[in-house]
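# What the coordinates show
Single-letter residue listing:
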Amino acid sequence: MSKILVLGAALGGLQTALLLAGDGHRVTVLERDAHRAPADAESAWSRWRRPGIPQMQQTHLPLARWLQLAEAHLPELVGRMTAAGAVRMNVVAPEPGLRGSLRAGDERFDTLAARRSLLEAAATEAAEAAGIDIRRGVACRGLHRSSRGLHSSRDAGASGRARSGRQCPVHVTGVETNEGTLTADLVVDCTGRRSQLPSWLRDIGVREVGEERGRRGFVYYSRYFRSADGALPTSTFPLVVEHGSLGLLRIPADHGSYSVCLVSRGDDLQLRHLLRREAAWSAAVRQFPGAELWLDGHPLTDGVRIMAGLSDRKRNLYDTEHPLVTGLVAVGDSWAFTVPTVGRGLTMSLQHGLVLRDALRRTGTGEPEDLVAEFGRATDDSLAPVYRRTTFYTHHRLAEMDAHAAGLPYRDPDWSRSRALVRLAQRDPDALRAERAAAHLLPGAREELRAPALADAVARLVPEVEQDLPPGPSRAELLAAIGG
Ligand SMILES: Cc1cc2nc3c(=O)[nH]c(=O)nc-3n(C[C@H](O)[C@H](O)[C@H](O)COP(=O)(O)OP(=O)(O)OC[C@H]3O[C@@H](n4cnc5c(N)ncnc54)[C@H](O)[C@@H]3O)c2cc1C
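Residues numbered from 1 in each chain as written. Predicted model: local features only at pLDDT ≥ 70, side-chain atom pairs only at ≥ 80, totals over all residues. Heavy atoms only, no water.

### Some details on helix 12 (residues 413-425)
Taking 1.5 Å per residue as the helical rise, helix 12 with its 13 residues ought to reach 18 Å, and the 18 Å between its terminal C-alpha atoms agrees with that figure. Those residues of helix 12 that sit buried are Trp 415, Ser 416, Arg 419, Ala 420, Leu 421, Arg 423, Leu 424 and Ala 425. Among the structural elements, strand 12 (240-242), helix 11 (384-405), helix 13 (429-439), helix 14 (445-450) and helix 15 (452-467) are those in contact with the buried residues of helix 12. A side-chain oxygen of the first residue of helix 12 lies 3.0 Å from the backbone nitrogen of Asp 414; this N-cap is Asp 412. (Helix = DSSP H or I, 4+ residues; strand = E, 2+ residues; numbered from the N terminus. Expected span 1.5 Å × (residues − 1). Buried < 20%, exposed > 50% of the residue type's maximum accessible area, 1.4 Å probe, protein only. Contact = heavy atoms within 4.5 Å. Polar contact = N/O pair within 3.5 Å; in protein donor to acceptor, adjacent residues only side chain to side chain.)

What follows is the structure in C-alpha cells.
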C-alpha cells in the first residue's frame, strides 16, 4: 500500500482521501486553512472561517448521480451528512412538469440538499473517523522532485532521458510546505479551481502545462433564507429557470433553509453593478413568476453573496503517451472546473476520485508512468466528455444571453434542440425524466434521450423555440424593474 498526500481538505480532497484510505493506503491531507469545523450546522454556517472555499455560502446542490456514487462507495459519508441534517430530496418532485406524483424508479433522482458548510463539516468528521490525518494550517508551496526523471523505469537511462530519446517525465516525490518537506509515493492535488499547480510544475522544470479556458463565464448572486415554519415557500417550483439575461435557481437546503440565486453573464457589467444591491436583487427575483414568495423567509446571509469569474477551465496534464509528470495527479476542480450552473463539480470530483482509486488498484505506485497513463486514459474516457458537454452549454447559454440583451432570438440547431427538450420537459413528465436524467449524469440517460418518440417530439418543438424569445421580461423591462 502506498503513502499518499492529498492537497486540500474540501469536499473533493476529502472524498478522494476516503476512497484511497478505504483501500488501505496511508493518506495524509494537507489543508491551508487552519480552522476546524464547528460542531453544529448553524456555527459551521456563520462562524467557520474558510477562505479556501470562497463558494461556501453560494448556492449548492449535488447531482443525483453524486448521491448514487456516494451511497455505493462512501456510505459513511452519506450517513454523517444525513445525521448532521442534510435532507434527502427528489429533484423532479417539485418540477411543475411532473404533473402528478413520483413513480417507482424515480428514486434515481434523489440527492442530498444542504448548505455547503454542513456538507464540508460532515465530510471532515467522516475523514477523521476513518483515521485520515488532516493537517490544518499546512499549505503546499511547491513540489519536490527526484534528481533525475523517473526513480524506477524500464525505459530511463542514467541521464534521465529515455532510451527512446524523449525526455523522461519529471517525477514528484513530495511537497514543500510551511512546515518543511513531506515525501510521498503519490501527491494528489485537490486544491480546487485556483490551484497553483501550473506554477508549481514550472518551478520543478515541467514545460508549460496546456490549459483550455473559456474566455467568458457567469456570475452568481446568492442569498440564503429560512422560512418561519421550516417548510419551503412553495411545493411546486422549477429548480432552475433560464430566462433571457438572467437565470434563477431555487435550491432547498438543511434545517428549513434554502437559497435563491441569480445568474448573469460575467461581462454583463450593468447587471453586476445593479444586482449587488439587495433591493435590485429582490426586484429581479420578482420578475420570475411565483418566485416572490421565496423572498419572505428570514435571511441567513447579509446582503447578496457575489461570485464572478465562473468559467470552464481544463488542464491538459495527461498526454498518456508522453506524461509530463509522474508521482502527481490532479483530481476534481484542479484538473477541470465546470461552470456551477450545471452543478457538476462535486459529482465529477467524486467520479475522478474513483478513477484514481481504480487506477491505483490496477497499477499501484511502483511504476509511476503506468499509473499516470492509466489515470489519464480513464480521465479522458469518462470525464473529458462531460467537460466538453459543459462547454457546449456555457458557449450557447452565453450567446443566448447576448442575443436577449440585443432583443433577438438565438438560433443554433444543436442548442435549439436542447432548448426544445427543456420546453417539452415542462409539459411532458417522461421528457422531464429524460432531460433531468441527462442533466444529473444518470446512467442510461443518453439512451433515453435517443428514444425515437422523444426525439420526434423534440424536433417538432424546435421551430416554436426558435421563433420565441425566452419567456419573461425584455431587457428594458428588467432594467426598469431593478432601477437600471
Ligand atoms: C459559486 C459556485 C457554486 C457551485 N455550486 C455547485 C453545485 O451546486 N453542485 C456541485 O456539485 N458543485 C458546485 N460547485 C463546484 C464545487 O464547489 C467544487 O467542485 C467542489 O468544491 C470540489 O472542489 P475541490 O474540493 O476540488 O476544491 P475547492 O472546493 O476549491 O477546495 C480547495 C481546498 O484546497 C485548499 N487549498 C488551496 N490551496 C492550498 C494549498 N496550497 N495547500 C493546501 N491546501 C490548499 C483550500 O483551502 C480548500 O480547502 C460550485 C462552485 C462554485 C464556485
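### Section: the pattern of salt bridges
Scanning all chains against the criterion turns up 39 salt bridges. In this structure, Arg 50 and Glu 31 form a salt bridge, with 3.1 Å as the shortest nitrogen-oxygen distance. One end of the pair, Arg 50, is in the loop between helix 2 (41-47) and helix 3 (64-73); the other, Glu 31, is in strand 2 (residues 26-31), and 19 residues separate them in sequence. With its nearest N and O atoms 3.6 Å apart, the salt bridge here joins Arg 265 to Asp 268. The exposure class of Arg 265 is buried, given its relative accessible area of 12%. Among the charged side chains, a salt-bridge network with shared partners connects Arg 216, Arg 265, Asp 267, Asp 268, Asp 402 and Arg 475. (Salt bridge = Lys/Arg side-chain N within 4 Å of Asp/Glu carboxyl O.)

### Concerning the side chain of Asp 412
Note that Asp 412 resides in the loop between helix 11 and helix 12. Here Asp 412 occupies a buried position and makes no salt bridge, while the nearest side chain of opposite charge, Arg 417, is found at 7.0 Å. Polar side-chain contacts of Asp 412 include one of 2.9 Å to the backbone nitrogen of Trp 415. Ignoring anything within four residues of it in the chain, the contact list for Asp 412 reads His 396 and Glu 466. (Lys, Arg positive; Asp, Glu negative; His and termini not counted.)

### Here's the deal with the sheet that holds strand 10 (residues 210-213)
Strand order in the open sheet formed by three strands is 10-17-20, and the pairing between neighbours is antiparallel. In this open sheet, the two edge strands, each paired with only one partner strand, are strand 10 and strand 20 (336-337). With four bridges connecting them, strand 10 and strand 17 (residues 313-316) associate as antiparallel partners. Bridge pairing links Glu 211 to Arg 315 in strand 17. (Pairing = 2+ DSSP bridges.)

### Focus: the packing of helix 9 (residues 345-363) against helix 10 (residues 368-382)
Their axes nearest at 9 Å, the elements helix 9 and helix 10 cross at an angle of 140°. Here helix 9 and helix 10 pass one another in a crossing that is right-handed. Within the contact between the two elements, helix 9 uses His 352, Val 355, Leu 356, Ala 359, Leu 360, Arg 362 and Thr 363 and helix 10 uses Asp 370, Leu 371, Glu 374, Phe 375, Ala 378, Thr 379 and Ser 382. Among the residues making up the contact of helix 9 with helix 10, the classes are represented as seven nonpolar, four polar and three charged. (Axes fitted to C-alpha atoms, helices over the stretch in contact; angles between N-to-C directions. Left-handed = near helix turned anticlockwise from the far one by under 90°. Nonpolar A, V, L, I, M, F, W, Y, C, P; charged D, E, K, R; others polar.)

### Let's talk about the site of the ligand
Around the ligand sit 34 residues, and of these Gly 12, Glu 31, Leu 61, Arg 116 and Leu 346 come closest. The contact in question runs from an oxygen atom of the ligand to an N or O atom on the side chain of His 60, over 3.1 Å. Surface burial for the ligand is 96%, taken as the share of its 1000 Å² of free accessible area covered by protein chains. No other element matches helix 1 (residues 11-22), which puts three residues into the shell around the ligand. Per-domain counts for the shell around the ligand show at least three residues from each of domain 1 (1-213 + 312-391) and domain 2 (218-310). (Near = heavy atom within 4 Å. Areas by Shrake-Rupley, 256 points an atom, 1.4 Å probe, with all protein chains shown as cover. Domains from an automatic or database assignment.)

### So, the domain arrangement of the protein chain
If you check the domain split of the protein chain, you get domain 1 (1-213 + 312-391), domain 2 (218-310) and domain 3 (409-474 + 478-482). Each partner contributes residues to the interface: domain 1 has 28 residues there, and domain 2 has 30 residues. Here domain 1 meets domain 2 over a buried area of about 2400 Å², counting both sides, of which 60% is carbon and sulfur. It is Gln 58, Thr 59 and Thr 341 that lose the most area in domain 1 upon contact with domain 2, and together they represent 27% of the buried surface on that side. For the interface between domain 1 and domain 2, the tally reads two salt bridges. If you look at where domain 1 meets domain 2, you find 14 residue pairs in polar contact (both at pLDDT 80 or more). Elements with a contribution of two residues or more to the side of domain 1 that touches domain 2: helix 2 and strand 3 (87-90). Of all the elements, helix 2 adds the most residues to the side of domain 1 that touches domain 2, at three residues. (Buried area = accessible area lost by both parts, 1.4 Å probe.)

### Thoughts on unusual backbone geometry
Positive phi, close to 45°, is recorded for His 255, a residue that is not glycine. Within the element layout of this structure, His 255 appears in the loop between strand 13 (247-252) and strand 14 (257-265). With a phi angle near 55°, Leu 441 is a residue other than glycine that sits in the positive phi range. Its place among the elements puts Leu 441 in the loop between helix 13 and helix 14.

### Let's talk about the nonpolar core
In terms of nonpolar packing, the biggest core is built from 78 residues, with Trp 66, Met 81, Leu 143, Val 175, Val 188, Leu 201 and Leu 356 touching the most fellow members. The element that contributes the greatest number of residues to this core is helix 9, accounting for eight residues. Aside from chain neighbours lying at most four places away, what touches Met 81 is Leu 11, Trp 66, Ala 86, Leu 112, Leu 118, Leu 119, Ala 122 and Ala 123. Judged by nonpolar contacts, the second largest core, of 54 residues, contains Ile 251, Leu 274, Phe 288 and Leu 310. (Core = buried A, V, L, I, M, F, W, Y, C linked by side-chain atoms within 4.5 Å.)

### Section: the pairing of strand 17
For strand 17 and strand 20, the ladder comprises two bridges, and the chain directions are antiparallel. Along strand 20, the bridge assignment pairs Arg 313 with Phe 337.

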